[in-house]
Amino acid sequence: MFIVPELGYAYDALEPYIDVQTMEIHHSKHHAAYVAKLNEALQKSPELVSKSVEELLRDIKELPETLRIVVQNNAGGHHNHSLFWQTMRPAQGIKSHTNLTDAIKTTFGSLDQFKAKFCHAALGRFGSGWAWLTDNNGKLEISTTANQDSPIMEGKTPILGLDVWEHAYYLKYQNRRAEYVEAWWQVVNWDVAAARLQT
Ligand code: MN3
């Protein structure tokens, strides 16, 4: 049985960039619902319960048709949100220097150019989905996915992911997705993201 992981910080810890009410609903209701639906779906398929969420996503195309969409949506929702919580932290006002920021500068020219390109991708994702920085066989890439689809389904390792579903920002930012994306940089946990690049 999968469980909703602890945040590791309080619901109000990302204020004022991400508000306490959004954090509480997002974690305790939205994420919890993905986990509950994933567990429910897997109960009918005992051969799958020993698999990790990463394995479920990596091998998604091998699942029977009747299970595939529900697992894709809810395993994706579980993995995407777990990563999202881990790669945020209370704003520190410090620009971290890590192996990841070095790799970003090599690939995208500068951290600012990377942020601009990532923001452009996040704003260009129509409807609900995610914007990603991924490691695609050693190459850093910016991409987006629809709904709760995971880059793992495409063989990529997600390094940073930004939830651009309206439930992630609407209470505070309403239709102003660009302001939300801009604010999010303040709470990115670069150290955790950098550790993901090494693995
Ligand atoms: Mn969400």
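Residues numbered from 1 in each chain as written. Predicted model: local features only at pLDDT ≥ 70, side-chain atom pairs only at ≥ 80, totals over all residues. Heavy atoms only, no water.

(A) Molecular detail of the pattern of salt bridges. Evaluation of the coordinates by the stated rule reveals 7 salt bridges. Here Arg-68 makes a salt bridge to Glu-65, at a shortest N to O gap of 2.9 Å. Of this pair, Arg-68 and Glu-65 both sit in helix H3 (residues 65-86), separated by 3 residues, roughly a single helical turn. (Salt bridge = Lys/Arg side-chain N within 4 Å of Asp/Glu carboxyl O. Helix = DSSP H or I, 4+ residues; strand = E, 2+ residues; numbered from the N terminus.)

(B) Main features of the nonpolar core. Counting residues in each nonpolar core, the largest one holds 43 residues, and the members touching the most others are Leu-100, Phe-114, Leu-133, Tyr-180 and Trp-184. At the level of elements, H3, helix H4 (99-108), helix H5 (111-124), strand S1 (129-136), strand S2 (139-146), strand S3 (157-163), helix H7 (177-184) and helix H8 (190-198) are the ones that each hand at least two residues to this core. Of the residues forming this core, the biggest block, 6 residues, is contributed by H5. Aside from chain neighbours lying at most four places away, what touches Leu-133 is Leu-100, Ile-104, Phe-108, Phe-114, Phe-118, Leu-140, Glu-141, Ile-142, Thr-157, Pro-158, Ile-159 and Leu-160. (Core = buried A, V, L, I, M, F, W, Y, C linked by side-chain atoms within 4.5 Å. Buried < 20%, exposed > 50% of the residue type's maximum accessible area, 1.4 Å probe, protein only. Contact = heavy atoms within 4.5 Å.)

(C) Broad picture of the packing of aromatic side chains. Throughout the structure, instances matching the rule amount to 12 aromatic pairs. With 6.4 Å between their ring centres and 10° between their planes, Trp-185 and Trp-190 make a pair best called stacked. Note on Trp-185: relative accessible area 7%, which makes it buried. An aromatic cluster is built from Phe-108, Phe-114, Phe-118, Trp-184, Trp-185 and Trp-190, whose rings are joined through pairwise contacts. Across from the ring centre of Tyr-173, 5.7 Å away, lies the NZ or CZ of Lys-172, which sits over that ring. (Phe/Tyr/Trp six-rings, centres within 6.5 Å; stacked < 30°, edge-to-face > 60°. Lys NZ or Arg CZ within 6 Å of the ring centre and 35° of its normal.)

(D) Representation of H4 within the structure. Every buried residue of H4 is listed here: Leu-100, Thr-101, Ile-104 and Phe-108. End-on view of H4: buried residues confined to an arc of 95°, all on one side of the axis. If you check the start of H4, you find a side-chain oxygen 3.1 Å away from the backbone N of Leu-100, and it comes from Thr-98. In the segment just after H4, Gly-109 is the residue with positive phi, at about 100°. (Arc of directions from axis to C-beta. Polar contact = N/O pair within 3.5 Å; in protein donor to acceptor, adjacent residues only side chain to side chain.)

(E) Structural view of the environment of Glu-179. With respect to the secondary-structure elements, Glu-179 resides in helix H7. Judged by its relative accessible area of 41%, Glu-179 is partly exposed. In sequence terms Glu-179 and Tyr-169 are 10 residues apart; their C-alpha atoms lie 9.4 Å from each other.

(F) View of the sheet that holds S3. Spatially, 3 strands are ordered S2-S1-S3 in an open sheet, and the strand pairing comes out antiparallel. Of all strands in the sheet, those bounded by a partner on one side alone are S2 and S3. Across the sheet, the axes of successive neighbouring strands diverge by a mean angle of 20°, strand direction being ignored. Bridge count for S1 against S3 is 6 bridges, and the pairing is antiparallel. Looking across to S3, one finds that Ala-131 is bridged to Leu-162. Of the strands in this sheet, S1, S2 and S3 touch H4, which is tilted by about 90° from S2. (Pairing = 2+ DSSP bridges. Axes fitted to C-alpha atoms, helices over the stretch in contact; angles between N-to-C directions.)

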